Amino acid sequence: MDTSRVFVKDVKRVIVKVGTAVVTRSDGRMALGRLGSLCEQLKELNLDGYEVILVTSGAVSAGRQRLRFRKLVNSSFADLQKPQAELDGKACAAVGQNSLMALYDTLFSQLDLTSAQLLVTDNDFRDPNFRSQITETVNQLLDSKVVPVSNENDAVSTRRAPYEDSSGIFWDNDSLAALLALELEADLLILLSDVDGLYSGPPSDPQSKLIHTYVKEKHQTEITFGDKSRLGRGGMTAKVNAAVYAANAGIPVIIASGKATDNIIKVLKGQCVGTLFHKDAHLWAPPKETGARGMAVAARECSRRLQALPAQERKRILFDIADALEDNEELIKTENDADIAAAQQAGYEKSLVARLALKPGKISSLAKSIRVLAEMEEPIGQILKRTEIADGLILEKTSCPLGVLLIVFESRPDALVQIASLAVRSGNGLLLKGGKEAKRSNAILHKVITSALPDKVGEKLIGLVTTREEIPDLLKLDDDIDLVIPRGSNKLVSQIKESTKIPVLGHADGICHVYVDKSANMDMAKRIVLDAKMDYPAACNAMETLLVHKDLLQNGGLEELVRDLRSEGVDLFGGPRVGALQELNIPSTQTFHKEYNSPACTVEIVDDVSGAIEHINQHGSAHTDCVVAEDEKVAEVFLQQVDSAAVFHNASTRFCDGARFGLGAEVGISTSRIHARGPVGVEGLLTTRWILKGNGQIVDGDKGVVYTHKDLQVAS
């Protein structure tokens, strides 16, 4: 857990400040969805025993929108042709405050919660009696489970220009929130903005980084602020000033996005959300963001040193890794056995335990695959295309590494070995996060592999992420990590895709089909079906749905397939047509979108190859699908029209594997339709670089250049 978030366990009284850009839309109208989510979160905190005080902006913006509309309704065409004077901020505040509070009252009432309005001005706090009275009033309201809603009363403020003047005891609702946090002895202040937190520069700048924990000595001189808020008066500068003020007084502060539906709840659960300000931040160990980014930066630096080595030296590293694995086989087995015993004791499913086990001969098999990979053609720096752009101007398209890869995988420790060897062969840096159930296996494999890396490259070429909590930070490093490859459940892949701007390569499901046509050789069909299902039922390329031509119901072919599957212990579930056949006695399935990962599969009847194709394209996962047929026309239609990463004719789906494809190993199987598809080997971890070689040519408006664009032969 991030130690900088431990303080939340002692929090009881919370002040939440929500900015204008959160409570209103860009056109000035109220953002009802965000306000509803805000109120629901405050209701949840109220039920959990927290004392919640809301400080809200938005009155001036809401009032301005209403007055502009009113003015438009009451204006003649001639009036509209005249220059329009800016509306007075105080009048806007007077109109908007009424609307804003009425909306809060309505939303809270729907949640069976009562709210109370507390309008204050800068001058009020000059009176010690007022300070005492507001504390007493707030305490009474909180005792009654009422949510106090506070705002600066801009309509009657005596400051020179309350909407623009930044002077006085407080000068905007951010500083008001900080002041109230001190006056009311709050335990936590949350400032909600329209961005995820404090960045090192303007959030729109791709080079800006989210700062998880603000350390004044480190960040004060490094941050470049962007424009002020589009609607409110302060922007991020005001929030940081208010946060520093409250934090220095001993009140932890979080700046986070108010556009997310659950950030307040996440903060109170101790999750790393937004930017934390704390008086002791400078005493803590380096924030977790440094660890995450540090790993990625180190991996990139090491990868560049790896790429600079001669091809033979890179090949030698792979041989050394293979030797190291075999030399440490007993130690690896001991740690793997411990993981298996722990998984069984924890009651994990048999399919997961099966994927976890490094069976006898597995290390030798992995070492052999690594040696095969080492002997493959050098992948880096290959000239893929040569073109003469103009006389003496030669353009080359070459292969080069992607950079830094983040691989998140579940259960299978052998995946770590394959991925690491592919990263070395392709010249990429690598960050690995395996499942907790394989913790000891992954740790020893990582240690063995990195110990085989030469000092001139560095063991940080391959980083091992050990805790789940580090993943969110890594997924934010879109400038430091170039590709994420998740290997695991549908839930894992979906969560990662939703949580990062980094390109994601992988597959969510492995719902593979075998279609047995009426022209199929039934002996061949039975062998393929049994192998596709039972060779390794937990694999992503195992058959999960068997489709059969309707004629096989009449000639007994379907009955034979069902009998053979049952004799192997396969549990069968039928689609609507199969489930209706009483003679087969197959229970109906609830869904065709089912990945069993066990000795079980769905069976359904289709009219013909077109029906099979339609079923697969509708219910499949675009992984691997097979047709068993002797009719070449049927096979060709299937191969051309099934929209999957791998499509087979008369061969088991289990062949869809990087090693079996001759790729040496695979980093995973991709069902994406860009970059790499199917088993991803070395080529899938490479991109291209353009190299132009000339002898002094310049463009000069293209006046002196004669373009030839002639394809040149690439030397073999």
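Residues numbered from 1 in each chain as written. Predicted model: local features only at pLDDT ≥ 70, side-chain atom pairs only at ≥ 80, totals over all residues. Heavy atoms only, no water.

If you check an unreviewed UniProt entry, the protein chain appears there as Delta-1-pyrroline-5-carboxylate synthase from Beta vulgaris subsp. vulgaris. Per its UniProt entry, the protein chain bears the Function (unreviewed entry) comment "P5CS plays a key role in proline biosynthesis, leading to osmoregulation in plants." (UniProt positions renumbered as here; feature names shortened; annotations may be inferred.)

Along the protein chain, the regular secondary structure elements total 25 helices and 24 strands. Per-residue burial over the protein chain gives 53% buried out of 716 residues. Within the protein chain, contacts between residues at least 6 apart in sequence are counted, and of these 74% link residues at least 24 apart. For the protein chain, the exposed area adds up to about 33,000 Å²; of that, 49% sits on carbon and sulfur atoms. (Helix = DSSP H or I, 4+ residues; strand = E, 2+ residues; numbered from the N terminus. Buried < 20%, exposed > 50% of the residue type's maximum accessible area, 1.4 Å probe, protein only. Contact = heavy atoms within 4.5 Å. Areas by Shrake-Rupley, 256 points an atom, 1.4 Å probe, with all protein chains shown as cover.)

Within the open sheet, the eight strands sit side by side as E3-E4-E2-E1-E5-E7-E8-E6. Their pairing is mixed. One side of each edge strand has no neighbouring strand; the edge strands of this open sheet are strand E3 (115-120) and strand E6 (213-214). Two elements, strand E2 (residues 51-56) and strand E4 (residues 147-152), share two bridges in a ladder whose sense is parallel. Across the sheet, residue Val 55 finds its bridge partner in E4, namely Ser 150. The strands touched by helix H6 (residues 128-143) within the sheet are strand E1 (13-18), E2, E3 and E4, with E3 carrying the most contacts at an inclination of about 170°. (Pairing = 2+ DSSP bridges. Axes fitted to C-alpha atoms, helices over the stretch in contact; angles between N-to-C directions.)

Along the polypeptide, Gly 294 turns up in helix H11 (residues 288-308). Judged by relative accessible area, Gly 294 falls into the partly exposed class, the value being 34%. When the C-alpha atoms of Gly 294 and Asp 480 are compared, they prove to be 9.5 Å apart, with 186 residues separating the residues in sequence.

Okay, the pattern of salt bridges next. Scanning the model with the defined rule gives 30 salt bridges in all. Asp 414 is the partner of Lys 362 in a salt bridge, and the nearest nitrogen-oxygen pair spans 3.5 Å. Pair noted here: Lys 362 is in helix H15 (residues 362-375) and Asp 414 is in helix H16 (residues 414-426), with a separation of 52 residues, a long-range link. You can call Asp 414 buried: its relative accessible area is 5%. Between Arg 412 and Asp 414 there is a salt bridge, with the nearest N and O atoms lying 3.0 Å from each other. Connected via shared salt-bridge partners are Arg 316, Asp 320, Asp 323, Glu 326 and Arg 371. (Salt bridge = Lys/Arg side-chain N within 4 Å of Asp/Glu carboxyl O.)

Attention shifts here to the pairing of strand E12 (residues 429-433). Along a regular strand, successive side chains alternate from one face of the sheet to the other. Most of E12 sits inside the fold, with five of its five residues counted as buried. Burial along E12 is two-sided: the residues Gly 429, Leu 431 and Lys 433 and Leu 430 and Leu 432 are all buried. Here five bridges tie strand E11 (residues 404-409) to E12, and the two strands are oriented parallel to one another. Each residue of the ladder has a partner; that of Leu 406, found in E12, is Leu 431. Running through H16, the crossover from E11 to the neighbouring parallel element E12 is right-handed. As defined by bridge partners, E12 adjoins strand E13 (residues 462-464) across three bridges and the pair is classed as parallel. Considered in E13, the bridge of Leu 431 is made with Gly 463. Read from E12 through helix H17 (residues 439-451) to E13, the crossover connection turns out right-handed. (Right-handed = clockwise from strand over helix to strand, strands pointing away.)

Either a parallel or an antiparallel arrangement is found when strands of a sheet pair, and the pairing is made through backbone hydrogen bonds. A sheet is described by the order of its strands in space; here six strands give the open sequence E17-E18-E16-E15-E19-E20, paired in parallel fashion. Both outer strands of the open sheet, strand E17 (571-574) and strand E20 (646-649), are each paired with one neighbouring strand and no more. In this sheet, adjacent strand axes meet at a mean angle of 20° when their direction is disregarded. The pairing of strand E19 (residues 624-628) with E20 spans four bridges and is parallel. By the bridge assignment, Thr 624 is partnered in E20 with Ala 646. Together, strand E15 (512-516), strand E16 (543-549), E17 and strand E18 (600-606) form the strand contacts of helix H22 (residues 557-567), whose direction differs from that of E16 by roughly 160°. Those strands touched by helix H24 (residues 609-619) are E15, E16, E18 and E19, and its axis lies near 175° from that of E15.

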